[in-house]
Amino acid sequence: WRGQEGAPYSTLVPSDEVTINYRHGLPVITLMLPTRSERCQFTVKPVVTTVGAFLQDVQREDKGIERAEVFATDGSKVSDATLMEVLLMNDFKLVINNTAYSVSPPVKDKLSSEHATEMEDIKSLVHRLFVALHLEEHQIRKERELLQKLDHLKGELLPLEQMRARIMDSADAKTSRLLWVGLALMSAQGGALAWLTWWVYSWDIMEPVTYFITYGSAMAFYAYFVLTKQDYIYPHAKDRQFLHYFYRKSKKQHFNVERYNKLKDDLAEAEESLRRLRQPLHLRLPIQEISDKD
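Residues numbered from 1 in each chain as written. Predicted model: local features only at pLDDT ≥ 70, side-chain atom pairs only at ≥ 80, totals over all residues. Heavy atoms only, no water.

Convention followed: UniProt positions are given in the numbering used here, feature names are shortened, and annotations may be inferred rather than shown by experiment.
Going by an unreviewed UniProt entry, the protein chain carries the name Calcium uniporter protein and comes from Dicrurus megarhynchus. What UniProt states about the protein chain under its Sequence similarities (unreviewed entry) heading is, verbatim, "Belongs to the MCU (TC 1.A.77) family."

### Here's the deal with the UniProt feature "transmembrane region" (unreviewed entry) in the protein chain
Cut-off, in case you're wondering: Secondary structure follows DSSP: runs of H or I at least 4 residues long count as helices, runs of E at least 2 residues long count as strands, and numbering of each begins at the N terminus.
Following the UniProt record, one finds the feature "transmembrane region" (unreviewed entry) at residues 178–197 and 209–227. This span, residues 178–197, is 100% helix and 0% strand, and a straight line between its end C-alpha atoms measures 28 Å. Between the end C-alpha atoms of residues 209–227 the distance is 27 Å, and the span holds 100% helix and 0% strand.

### What to know about unusual backbone geometry
With the exception of glycine, the majority of residues adopt a negative phi angle, and the majority of peptide bonds are in the trans configuration. The phi torsion at asparagine 97 lies on the positive side, around 55°, for a residue other than glycine. Look at histidine 254: it is not a glycine, yet its phi comes out positive at around 60°. Within the element layout of this structure, histidine 254 appears in the loop between α5 (234–252) and α6 (257–284).

### A short note on the pairing of strand β6 (residues 92–96)
What counts, and what does not: Burial classification: accessible surface area is computed with a 1.4 Å probe over protein chains only, and a residue below 20% of its type maximum counts as buried, one above 50% as exposed, and the rest as partly exposed. When DSSP finds at least two bridges between two strands, those strands are taken to pair.
Burial within β6 is extensive, with 5 of its 5 residues counted as buried. Burial along β6 is two-sided: the face carrying Phe92, Leu94 and Ile96 and the face carrying Lys93 and Val95 are both buried. Sheet topology note: the strand β5 (residues 68–72)/β6 ladder contains 5 bridges and is antiparallel. Note on β6: the bridge partner recorded for phenylalanine 71 is lysine 93.

### Brief notes about helix α4 (residues 203–228)
Put simply, the rule is: One less than the number of residues in a helix, times 1.5 Å, gives the span that helix is expected to have.
The end-to-end C-alpha distance of α4 is 37 Å, a good match for the 38 Å that 26 residues give at a rise of 1.5 Å each. When α4 is considered as a whole, its buried residues turn out to be Met206, Thr210, Tyr224 and Thr228. Just past α4, the residue lysine 229 takes up positive phi, approximately 60°.

### Notes on helix α1 (residues 51–61)
The following threshold applies: The arc in question is the one spanned by the directions pointing from the helix axis to the C-beta atoms. Contacts are assigned to residue pairs with any non-hydrogen atoms lying within 4.5 Å of each other.
Of all the positions in α1, only Val51, Gly52, Phe54, Leu55 and Val58 are classed as buried. Buried residues in α1, looked at end-on, bunch into an arc of 160°, giving them a common side. Next to the buried residues of α1 lie β3 (26–33), β4 (38–43), β5, α2 (84–87) and β6.

### A closer look at the environment of arginine 144
Along the chain, arginine 144 falls in helix α3 (residues 113–200). Sequence spacing of arginine 144 and leucine 274 is 130 residues, and the spatial spacing of their C-alpha atoms is 9.5 Å.

### Some details on the pattern of salt bridges
What counts, and what does not: What counts as a salt bridge is simple: a side-chain nitrogen of Lys or Arg found within 4 Å of a carboxyl oxygen of Asp or Glu.
Counted by the stated rule, this structure contains 8 salt bridges. Linking lysine 77 and glutamate 69 is a salt bridge whose minimum nitrogen-to-oxygen distance equals 3.3 Å. In this structure lysine 77 comes out as partly exposed when scored by relative accessible area, which is 36%. Between lysine 264 and glutamate 161 there is a salt bridge, with the nearest N and O atoms lying 3.4 Å from each other. Placement of lysine 264 in helix α6 and of glutamate 161 in helix α3 is noted, with a sequence separation of 103 residues between them. Take lysine 264: its relative accessible area is 33%, and that puts it in the partly exposed class. Several salt bridges converge on common partners, so that one network encompasses Arg67, Glu69 and Lys77.

### Quick look at the layout of surface pockets
This is how the line gets drawn: Lining residues are defined by having an atom within 4 Å of a point belonging to a cavity or pocket. Those points lie on a 1 Å grid over the protein atoms alone, cavities being sets where a 1.4 Å probe fits but cannot get out and pockets being open sets with protein on both sides within 12 Å along at least five of seven lines. Grid points are joined across faces, edges and corners, and a volume is the space filled by probe spheres set on the points. Amino acids outside the nonpolar list (Ala, Val, Leu, Ile, Met, Phe, Trp, Tyr, Cys, Pro) and the charged list (Asp, Glu, Lys, Arg) are all regarded as polar, and Gly is one of them.
One number sums up the size of the largest pocket: a volume of about 740 Å³. Around the largest pocket, the lining is made up of 18 residues, and of these Gly182, Met186, Phe221, Tyr232 and Tyr234 lie nearest the centre. If you list the elements that add at least two residues to the lining of the largest pocket, you get α3, α4 and α5. Class assignment for the residues of the lining of the largest pocket results in 11 nonpolar, 5 polar and 2 charged.

Here is the structure:
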C-alpha cells in the first residue's frame, strides 16, 4: 500500500496492533509505541478532539516518532482539523514513522434514549460554556471592527455631506424665489383685473374674463394631478420643486445621490449594530478595556 505521495511503507500491520474500545462512552485507542516498545492507551473526546490533536498526543508520548499521519482507505490524507467522531465512523490507516496500521473501529452500540438525552445535554452545556468563555473576546473584536467601519464610512461621507449641503442651500434659495415670484404674479394679476374693472371697462365686461381665468386655473390644477398623481397642496408642491432643483444641481456638480444614500444606510446599520453590541458589552466588559478604546 502506498501513501499520499506514492512512497511505499515498509510494513502494513494488521488492525490488532491498534485497537479501539469504548469505555464510559468514550473511545480508547491502544497502540504500540515504536521507540518505547510498549502499548499505550489514549482516551479521546470525539466531539472536541481533532485528528491533529490526537497525533500530537501520540508524538508527545513517544519522542522518537518523527511522522504521524492518518489516511482514509482510498489513500487520501485525513485533515488534521477533522473531528475524531468523524474519523471513527469508518476504517482508516494510521501511519507512524514508516509503519502503517490498518484500523477498523468497532460499531458503536446505539445509545439508549435516556443516555442519548444526557449526552445531548452535556454537548449543550459544553457549547454554552465555550460561548460564555469566548463571548467577551468576540464582542471586543466585533466592536473594534464596527468602529473601524464607522470611521471609514464617515470619512467617505464627509466630502459628500459638504457638497450636499451646498446643493441643498442652492435648491432651497431657488424654490423660495419661485414662491415669491408666484406671489408677485398673483398680486399683479389681481391688480390688473381691478384696474380693468373699475378704470378701463365695467364689471359686465370683466366678469367673463375672470370666469375663464378661474376655469383655466382649475384646469392647471387638474393637469398637475394627472401628471403627478398628487393633489396640488402647497407644501407638497414646494417639496417637489425643491427636489427638482436638487437633482438638477446634483447632476451638474456630479453628486452621486445613490452612492450617498447607500453610505448613509450602511452608516445607520453599523451604528445600530454597535448599539446592540454595546448593550450586553458594557455589562460584562472591564472598565479599563472601555477606557483604552475611547
